[in-house]
Amino acid sequence: AKMAAEGAGGTGLTDLPGELLELILCCDVLGAADIGRVSCTCRRLREASQGCEILMLLFLCALWCRWPSLLKYYSHTDGVSWLEEYKARHNAGLEAQRIVASFSKRFFSEHVPCDGFSDIETLGCPSHFFEDELMCILNMEGRKGLTWKYYAKKILYFLRQQNILKNLKEYLQRPADRQSFLEGAVLIDQYCNPLSDICLKSVQAQVDDITDKVRKVLRTKNPRHPSLASKAGEVPVPEVELQRQVLDAMNCVLYEQLKYKGNELDYYNSLNSYIHQVLIRRTGIPISLSVLYLTIARQLGVKLEPVNFPSHFLLRWCQGKEGSTDIFDYTYIDAFGKGKQLTVKECEYLIGHHVTEEFYGVVTSKEVLQRMVGNLLNLGKRESTDQSYQLLRDSLDLYLAMYPDNVQHLMLQARLYFHLGIWPEKVLDILQHIQALDPSQHGAVGYLVQHTLEHIERRKEEVGPEVKHRSDEKHKEVCFSIGLIMKHKRYGYNCVIYGWDPACMMGHEWIRNMNVHSLPHGPHQPFYNVLVEDGSCRYAAQENLEHNLEPREIPHPDIGRYFSEFTGIHYLANTELEIRYPEDLELTRATVQKIYSSGKE
């Protein structure tokens, strides 16, 4: 390069013609790093470097090798600047890491507020690059980075749900004939399981596979059946007898070959409502199995319609003139009951009481989604666990996306947030909206407004985290420390300590309900905040806890909120928890060394 420059009467690379510069930069001896350093020298060399095909190929390979999941975002590669793509993905990764790292410090003491994601909503980078970095954090191997994983999961949950809500609102704005029942079921499934890999294309492919199996059975019965044509489904099967053959073949495949069935033993399991789980587990509840049954039938040219029958969702199949309003012109199909075909009277026997004709009418896709979401809402109300609260929150979001002015569900959402002690500012917004919609609610609204404002004022008065030093005389009776894996003597559950008090700090009612006074030391002993392996959080007396001599990881969803790493024997507090218990780390290490080293001996 130097000789070429001197021969051309110049003094360096910048004096060379562009064609010669590109030839030099494409030399096999130079790698991507070498060319990258050259490109940083000046503008002319940067432009020459970016024109180098080998460099572009190297950046393409680097992009795929480092972030292979991005491949799905490129349907074609012509005209793509791989250097710019690489830089954009790299910068998105840095931005994601910055935001995730900030969350623990900002939101350790409270639930992430509704405006806590404002930084993410105004991202200056492609959202799919940002999400990809969050997935990289979640998929980090080993037992480190627990706090990063915890907040990366929360951010990813928020991002995906926001995107799914947009898709749902777009779906609801379409004409009714373009609202697929299957797509609606997938959108509900995605919103409630945003971290799972669920997409319409994959679910549709599984349904298509079942449909192909039905065609094979149908071919053995009637080789000339119109549903076997290449464009079957686009043209309805005209004759009732031909339609019956389709339904018989469907029942054979679904219930005899594939063993689909209604989940009578575990009816109130939320998995029964998620279409991807119905396909995996081959079981569900009436409405989820009906959506699957209806979709397959329509793909084979048989038009079944959804019926919002009370207590047991059904499908109807017209035996008379199409569009008839006479309920006796239809046969009713119970997808939960292995596709059994019912008369009007048999439908009443199914639920044990008489119903009026209106309950035999067809319903829209929006009404089907409303019932599916309603089922999830009822499941969320059944229990008082973190998991059920999350299901209740998700199903309320979905319901209010469909019916934003429903006062009953708006009030339920406000009460839920108030009960959980989260998002007080949003609670006030919801209550203001309720008051505008229905002034008669002023009593309930006023009560919640008053107590929510008190909550906001108390939060403003908080001066900072309480720091507990073991050297304080009042803490001398505290025997256990943060991060130790413990076992409950009475109930046998495994847990990890994430906080402690020198004496029981709960109110008199809790102490009475938990029968604390029956303990030998009563409430006047140290109590510990523990994360339990079943996903619950408990407050346990010192005399009821003992060291677990066979420590193992505690699979609790909030483990990353308090701990950064699991060593294999105990947990290491993250920075925010260590600030609150500054002297516990050394005691935990000493305790572990004493107990587990002596155990090995």
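Residues numbered from 1 in each chain as written. Predicted model: local features only at pLDDT ≥ 70, side-chain atom pairs only at ≥ 80, totals over all residues. Heavy atoms only, no water.

- Naming follows an unreviewed UniProt entry, where the chain appears as FBX21 protein of Sclerurus mexicanus.

1. A few points about the overall build of the chain
Line of reasoning, step 1. A count of helical and extended segments in the chain gives 24 helices and 13 strands.
Line of reasoning, step 2. Here the chain holds 601 residues, and 47% of them are scored as buried.
Line of reasoning, step 3. Restricting the contact set of the chain to residue pairs at least 6 apart, pairs at least 24 apart contribute 59%.
Line of reasoning, step 4. About 31700 Å² of surface is accessible on the chain, with carbon and sulfur atoms providing 52% of the total. (Helix = DSSP H or I, 4+ residues; strand = E, 2+ residues; numbered from the N terminus. Buried < 20%, exposed > 50% of the residue type's maximum accessible area, 1.4 Å probe, protein only. Contact = heavy atoms within 4.5 Å. Areas by Shrake-Rupley, 256 points an atom, 1.4 Å probe, with all protein chains shown as cover.)

2. Description of the sheet that holds strand β11 (residues 545–547)
Line of reasoning, step 1. One open sheet holds the 5 strands; their spatial order is β10-β9-β8-β7-β11, and the pairing between them is antiparallel. Each having just a single partner strand, β10 (537–541) and β11 make up the two edges of the open sheet. Pairs of neighbouring strands in the sheet enclose a mean axial angle of 50 degrees, with direction left out of account.
Line of reasoning, step 2. The pairing of strand β7 (residues 485–488) with strand β8 (residues 494–501) spans 3 bridges and is antiparallel. Within β8, the position partnered with Lys487 by the bridge is Asn494. (Pairing = 2+ DSSP bridges. Axes fitted to C-alpha atoms, helices over the stretch in contact; angles between N-to-C directions.)

3. Observations regarding the sheet that holds strand β3 (residues 305–307)
Line of reasoning, step 1. Taken in spatial order, the 4 strands make up an open sheet running β3-β4-β5-β6, and their pairing is antiparallel. What marks the edges here is a single partner per strand, and that holds for β3 and β6 (340–342). Between one strand axis and the next, the sheet turns by 40 degrees as a mean value, whatever way the strands run.
Line of reasoning, step 2. By the bridge criterion, 4 bridges tie strand β4 (residues 314–318) to strand β5 (residues 330–334) in an arrangement that is antiparallel.

4. Focus on the packing of helix α12 (residues 240–257) against helix α14 (residues 286–299)
Line of reasoning, step 1. Closest axis-to-axis distance for the α12/α14 pair is 11 Å, and the angle between their directions is 135 degrees. The orientation of α12 with respect to α14, classified from their angle, is oblique. Helix-helix and strand crossings are classified by hand; for α12 and α14 the assignment is right-handed. Every residue of α14 that contacts α12 at Leu247, Met250, Asn251, Leu254 and Tyr255 is listed here: Leu292, Tyr293, Ile296 and Ala297.
Line of reasoning, step 2. Taken together, the residues that form the contact of α12 with α14 break down as 8 nonpolar, 1 polar and no charged. (Parallel < 35°, antiparallel > 145°, perpendicular 65-115°, else oblique. Left-handed = near helix turned anticlockwise from the far one by under 90°. Nonpolar A, V, L, I, M, F, W, Y, C, P; charged D, E, K, R; others polar.)

5. Points about the nonpolar core
Line of reasoning, step 1. Residues Leu168, Ile210, Met250, Tyr260, Tyr293, Ile296 and Leu304 are the most contacted members of the largest nonpolar core, which totals 69 residues.
Line of reasoning, step 2. Not counting residues within four places of it along the chain, the set of residues in contact with Met250 comprises Val214, Tyr255, Tyr293, Ile296, Ala297 and Leu300.
Line of reasoning, step 3. Leu484, Tyr498, Trp500 and Ala573 belong to the second largest nonpolar core, which has 32 residues in total. (Core = buried A, V, L, I, M, F, W, Y, C linked by side-chain atoms within 4.5 Å.)

6. What about the environment of Leu448?
Line of reasoning, step 1. Relative to the assigned elements, Leu448 resides in helix α20 (residues 442–461).
Line of reasoning, step 2. Since its relative accessible area comes to 4%, Leu448 is described here as buried.
Line of reasoning, step 3. Along the chain, Leu448 and Leu428 lie 20 residues apart, while their C-alpha atoms are 8.4 Å from each other.
Line of reasoning, step 4. In contact with Leu448, other than residues within four places in its own chain, are Met411, Arg415, Phe418 and Leu431.

7. Details of the pattern of salt bridges
Line of reasoning, step 1. Per the stated rule, a full pass over the model turns up 17 salt bridges.
Line of reasoning, step 2. Arg244 is the salt-bridge partner of Glu241, the closest N and O atoms lying 3.8 Å from each other. In this pair, Glu241 and Arg244 both sit in helix α12, 3 residues apart, roughly one turn of the helix.
Line of reasoning, step 3. Exposure remark for Glu241: the relative accessible area of 45% places this residue in the partly exposed category.
Line of reasoning, step 4. Between Arg316 and Glu305 there is a salt bridge, and its shortest N-O distance comes to 2.9 Å. (Salt bridge = Lys/Arg side-chain N within 4 Å of Asp/Glu carboxyl O.)

8. What to know about empty space enclosed by the protein
Line of reasoning, step 1. A full pass over the atoms with the stated rule returns 1 cavity of 30 Å³ or more.
Line of reasoning, step 2. Estimates place the volume of the largest cavity at around 60 Å³.
Line of reasoning, step 3. Around the largest cavity, the lining residues are Ile482, Ala573, Glu578, Tyr581, Asp584, Leu585 and Thr588.
Line of reasoning, step 4. Counting residues per element, the lining of the largest cavity draws most heavily on helix α24 (residues 584–600), at 3 residues. (1 Å grid on protein atoms, 1.4 Å probe; cavity = no way out; pocket = protein on both sides within 12 Å on 5 of 7 lines; lining within 4 Å. Points joined across faces, edges and corners; volume = space filled by probe spheres on them.)

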